[in-house]
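# Observations on the three-dimensional arrangement
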Amino acid sequence: MRVTERMRVSGAASTQSKLAARFDKATRVAARGERVSVPSDDPIAYAARARSDHALSLNEKRSELATKVSGELEVAEGALSAGVDLLSEARAAAMAGANDSLDAGARSLMAQQVTALRAQLLDIANTRYGSKFLFAGTRTDVAPFDSSGAFVGNDVVTRVSLMEGITPPANVSGARAFTSAGGRDVLADLQSLADALSTNDVAGVRASIDTIDASHGQLVRVQTEAGLSTERFRSAIDVMASTKIVVAKARAEEVEGDPLAQLTELSLAKSAYERGVGVTRELLSVSSLARQ
């Protein structure tokens, strides 16, 4: 088949259109710094970008929530630690009050001390973080212990999704820390010790030593659990930070590409486009002369 001038010009125009599209794309990529921004750039890479964006968004939300919960658990652990110290003081008072050489007046003063310790422990049991009561279960808007020391919260465990299938407890049980749900009614044990001291009941004071020890151990157990939960969330935060870096890097490699390669492509596309323009112009000039 004979190649006519019209066919040559048509072929050059088609080639020029492709070169122009290549040059336009290279210009946009270099200007944006992204290889893929719309599905037509690369459908597979664009889908990967969408998945990466979703993963990064989900990771960010989970990280923010884990950071918040970690702060709450840390405050709860600190409160329980203070409670453990208070019970150590109460035990020391019980040991001193059990001494036969002590008189009723001295025990009465110790009773006031223990009563003050109980009031402090009640405040600790009603620890608040922001507007949230930490030992109230899911009734976080209400103080879990009333003025008499009765528990009015609940023992419902809240959980937070850190990763797929991983939902650790996100709160500390006030019921198991301070009430008979954990073995001892801690506030009641302190009240019994104060009553025994105030009435000069030596036998009652001596009996309180064991109950205060049990209450002390109860708080230590829950404090330890709170510490482990805090570390679990801190570790999760570290893992999510590492995950974010890995996903972001993969996204950058898939979507943004190599900046040097983008500039190189822009230079090559520009040169090819300019050569194409020259060839097309020459063909059009020759075709015009041929028709004269």
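Residues numbered from 1 in each chain as written. Predicted model: local features only at pLDDT ≥ 70, side-chain atom pairs only at ≥ 80, totals over all residues. Heavy atoms only, no water.

### Thoughts on helix α3 (residues 104–125)
If you check α3, its first and last C-alpha atoms are 31 Å apart, about what 22 residues at 1.5 Å a residue would give, namely 32 Å. Those residues of α3 that sit buried are Arg107, Met110, Ala111, Val114, Leu117, Arg118, Leu121, Leu122, Ile124 and Ala125. The buried residues of α3 all sit within an arc of 145° when viewed along its axis, so they share a single face. Among the exposed residues of α3, those pointing more than 90 degrees away from its buried face are Leu109, Gln112 and Asp123. (Helix = DSSP H or I, 4+ residues; strand = E, 2+ residues; numbered from the N terminus. Expected span 1.5 Å × (residues − 1). Buried < 20%, exposed > 50% of the residue type's maximum accessible area, 1.4 Å probe, protein only. Arc of directions from axis to C-beta.)

### Things to note about the packing of aromatic side chains
In this structure the tally under the stated criterion is three aromatic pairs. Plain terms: the ring middles of Phe145 and Phe151 are 5.1 Å apart, the flat faces sit at 50° to each other, and that makes the pair tilted. Each ring, one from Phe145 and one from Phe178, has its centre 5.7 Å from the other, and the planes form 80°; the classification is edge-to-face. One end of the pair, Phe145, is in the loop between β2 (132–133) and α4 (174–178); the other, Phe178, is in helix α4, with 33 residues separating them in the sequence. The class for Phe178 is buried, based on a relative accessible area of 1%. (Phe/Tyr/Trp six-rings, centres within 6.5 Å; stacked < 30°, edge-to-face > 60°.)

### Some details on helix α5 (residues 186–198)
Compared with the 18 Å implied by 1.5 Å per residue over 13 residues, the 18 Å span of α5 between its first and last C-alpha is a close match. Of the residues making up α5, those classed as buried are Val186, Leu187, Asp189, Leu190, Leu193, Ala194, Ala196 and Leu197. Trailing α5 by a residue or two, Asn200 shows a phi angle of about 60°, which is positive.

### A short note on the environment of Glu77
Looking at where Glu77 falls in the secondary structure, it is placed in helix α2 (residues 43–97). Residues Glu77 and Thr224, spaced 147 residues apart in sequence, show a C-alpha to C-alpha distance of 7.8 Å. Not counting residues up to four positions away in its chain, the partners in contact with Glu77 are Gln223, Ala226, Gly227 and Thr230. (Contact = heavy atoms within 4.5 Å.)

### Things to note about the environment of Ala181
With respect to the element layout, Ala181 can be found in the loop between α4 and α5. Those residues within four positions of Ala181 in sequence are excluded, and the remaining contacts are Ala175 and Arg176.

### A short note on the packing of α3 against α5
Running from amino to carboxyl end, α3 crosses α5 at an angle of 165°, the nearest separation of the two axes being 7 Å. By the angle between their directions, the pair α3 and α5 is classed as roughly antiparallel. Where α3 crosses over α5, the two elements pack in a sense that is left-handed. Along the contact surface, α3 presents Arg107, Ser108, Met110, Ala111, Val114, Thr115, Arg118, Leu121 and Leu122, while α5 presents Val186, Leu187, Leu190, Gln191, Leu193, Ala194, Leu197 and Ser198. (Axes fitted to C-alpha atoms, helices over the stretch in contact; angles between N-to-C directions. Parallel < 35°, antiparallel > 145°, perpendicular 65-115°, else oblique. Left-handed = near helix turned anticlockwise from the far one by under 90°.)

### As for the nonpolar core
General note: in soluble globular proteins, nonpolar side chains tend to be found buried as a group. Core analysis: the biggest nonpolar cluster contains 46 residues, and Leu80, Leu121, Val172, Phe178, Leu193, Leu219 and Phe233 have the highest contact counts within it. Excluding anything up to four places from it in sequence, Leu219 contacts Leu80, Gly83, Val84, Leu87, Leu121, Ala177, Phe178 and Val186. (Core = buried A, V, L, I, M, F, W, Y, C linked by side-chain atoms within 4.5 Å.)

### Overview of the pattern of salt bridges
Summed over all chains, the structure comprises nine salt bridges. Residues Asp213 and Arg91 are paired through a salt bridge, measuring 2.4 Å at the closest nitrogen-oxygen approach. Here Asp213, found in helix α6 (residues 202–256), pairs with Arg91, found in helix α2; they are 122 residues apart in sequence, far enough to count as distant. Here the salt bridges do not stand alone but share partners, grouping Lys68, Glu72 and Lys132 into one network. (Salt bridge = Lys/Arg side-chain N within 4 Å of Asp/Glu carboxyl O.)

### A look at the confidence of the model for the protein
On average, the protein scores 81 in pLDDT, and the residues at 70 or more come to 68%. Across residues 286–292 the pLDDT falls below 50, and counting only partners more than four positions away or on other chains, this stretch makes three contacts in the model. (pLDDT = per-residue confidence, 0-100.)

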